[in-house]
Amino acid sequence: MPPEPTIYQGRESLAPLYDLAFDPAFVASWRLVATRANRQLAAANYLRRPGETTWRPFKIDVLRVEAGVIAEITTFDADLLPTFGLPPRLT
């Protein structure tokens with residue numbers, strides 16, 4: 001189950017990604033469901049595009065936290081959601 005191959009380093013490199021992710025023309029809303037992976041905090045990400053009524057699985061982010069700060073986020077494909085006992089969609 002390899003993680004996504006893209007690497008971003010530092011907050012500045014993530015800014016364009018977040019601008020796109022939260023652009024109202026791109027998505028209506030996100031829902032995150034807390035979970036754990038390899039004893040680390042993780043979040044299953046679901047998104048609902050404009051005009052849709054359900055949130056569809058998008059990805060799973062595994063967080064490495066050091067000294068109370070997110071030090072690393074490793075992203076995996078949403079195909080892993082069933083492994084975590086997570087629903088295929090949110091309503």
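Before reading on, note that the structure itself is shown above.
Residues numbered from 1 in each chain as written. Predicted model: local features only at pLDDT ≥ 70, side-chain atom pairs only at ≥ 80, totals over all residues. Heavy atoms only, no water.

Colleague: Honestly, the sheet that holds strand β4 (residues 69–77) in this entry has me stumped. Any pointers?
Modeller: Taken in spatial order, the four strands of this open sheet run β1-β2-β3-β4, and their pairing is antiparallel. Edge positions in the open sheet fall to β1 (29–37) and β4, since each of these has one partner strand only. For this sheet, the mean angle separating the axes of adjacent strands, direction not counted, is 30 degrees. Sheet analysis places strand β2 (residues 40–48) next to strand β3 (residues 56–66), joined by six bridges and oriented antiparallel. Looking across to β3, one finds that Ala44 is bridged to Ile60. (Pairing = 2+ DSSP bridges. Helix = DSSP H or I, 4+ residues; strand = E, 2+ residues; numbered from the N terminus. Axes fitted to C-alpha atoms, helices over the stretch in contact; angles between N-to-C directions.)

Colleague: Honestly, the pattern of salt bridges in this entry has me stumped. Any pointers?
Modeller: Should their charged atoms come close, side chains of opposite charge can pair. According to the stated counting rule, one finds four salt bridges in the structure shown. The partner of Arg64 in a salt bridge is Glu66, and the shortest N-O contact between them spans 2.1 Å. Salt bridges sharing partners connect three or more residues here, namely Arg64, Glu66 and Glu72. (Salt bridge = Lys/Arg side-chain N within 4 Å of Asp/Glu carboxyl O.)

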